[in-house]
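What follows is each chain in one-letter form.
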Amino acid sequence: MSDSWWYQHDGERVVWKGRPRLSAALPDIIVGSAISVFALVGAVSVDFWLFAGVPIGVAVLSWGLLRVRRTQYLLTTRAVWAKRGVLGRTVRRVHVDKIQNTSFSQSVTGSFFGYGKVSVEVAGGRDLEFRRVDNPKNVQTTLAEYMGSEEYAIPGSREQWESVLSLVREIRATVAPTRDASEPVSRE
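Thresholds applied
Residues numbered from 1 in each chain as written. Predicted model: local features only at pLDDT ≥ 70, side-chain atom pairs only at ≥ 80, totals over all residues. Heavy atoms only, no water. Salt bridge = Lys/Arg side-chain N within 4 Å of Asp/Glu carboxyl O. Helix = DSSP H or I, 4+ residues; strand = E, 2+ residues; numbered from the N terminus. Buried < 20%, exposed > 50% of the residue type's maximum accessible area, 1.4 Å probe, protein only. Pairing = 2+ DSSP bridges. Axes fitted to C-alpha atoms, helices over the stretch in contact; angles between N-to-C directions. Contact = heavy atoms within 4.5 Å.

Visitor: Lay out the pattern of salt bridges with the relevant residues and their values.
Guide: Side chains carrying opposite charge are able to pair once their charged atoms draw close together. Tallying each qualifying case throughout the model produces five salt bridges. Where Asp28 meets Arg67, a salt bridge forms, and the shortest distance between an N and an O atom there is 2.6 Å. In this pair, Asp28 sits in helix H1 (residues 26-45) while Arg67 sits in helix H2 (residues 53-69), placing the two residues 39 residues apart along the sequence. Under the relative-accessibility criterion, Arg67 is labelled partly exposed at 35%. We note a salt bridge from Arg131 to Glu129, for which the minimum N-O separation is 3.2 Å. Take Arg131: its relative accessible area is 46%, and that puts it in the partly exposed class. Judged by its relative accessible area of 24%, Glu129 falls in the partly exposed class.

Visitor: Describe the sheet that holds strand S1 (residues 14-18), listing the residues and the values that go with them.
Guide: Within a sheet, adjacent strands bond to each other through the backbone by hydrogen bonds, running parallel or antiparallel. Across the sheet, which stays open at both edges, the four strands sit in the order S1-S2-S3-S4 with antiparallel pairing between neighbours. Bordering the open sheet on either side are S1 and strand S4 (90-95), each of which pairs with just one other strand. Here the average twist between neighbouring strands, direction ignored, is 10°. Where S1 and strand S2 (residues 72-76) come together, four bridges link them in antiparallel fashion. In the strand pairing of S2, Trp16 is matched with Leu75. Docked against the sheet, helix H4 (residues 136-147) engages S1, S2 and strand S3 (79-84), running at close to 150° with respect to S1.

Structure (structure tokens):
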């Protein structure tokens, strides 16, 4: 079965699920908290009307948290999915055949705490990024494995296809026997 935001084909399975770390909301948390604190201090010491800044600070803080919590990434055996959005929802699907290259990067803090960014280069479209995901090297390696997946390769071995070719040649020889080269060709 599929979740409500992505669909699943027959035989397709999920190989990785993730979302950004909560630390991705840290700038919004800091700004929202600062606005709220300054509004409270201003309301107490200067003018009570400055208290109106507290809901603005809480809104900034909440927006950042919701933005991170409502972002999800998914890798299946056939596609890469990214879902984002707080009030609305944007879902992007990239088939593994359209992926040209993958890479990952980590900042100094990302290396220390085990998170980073995985970049997916898409043929004929915008690139896709999984930001602040845990173990980005493992995600990139898993993704690279499915880029060259045998699932979409021609089935069978060379020997099997050569036996099919010889069988087709035998059938053709039986159904339409070859003419003798000495017989004239009629042009009717």
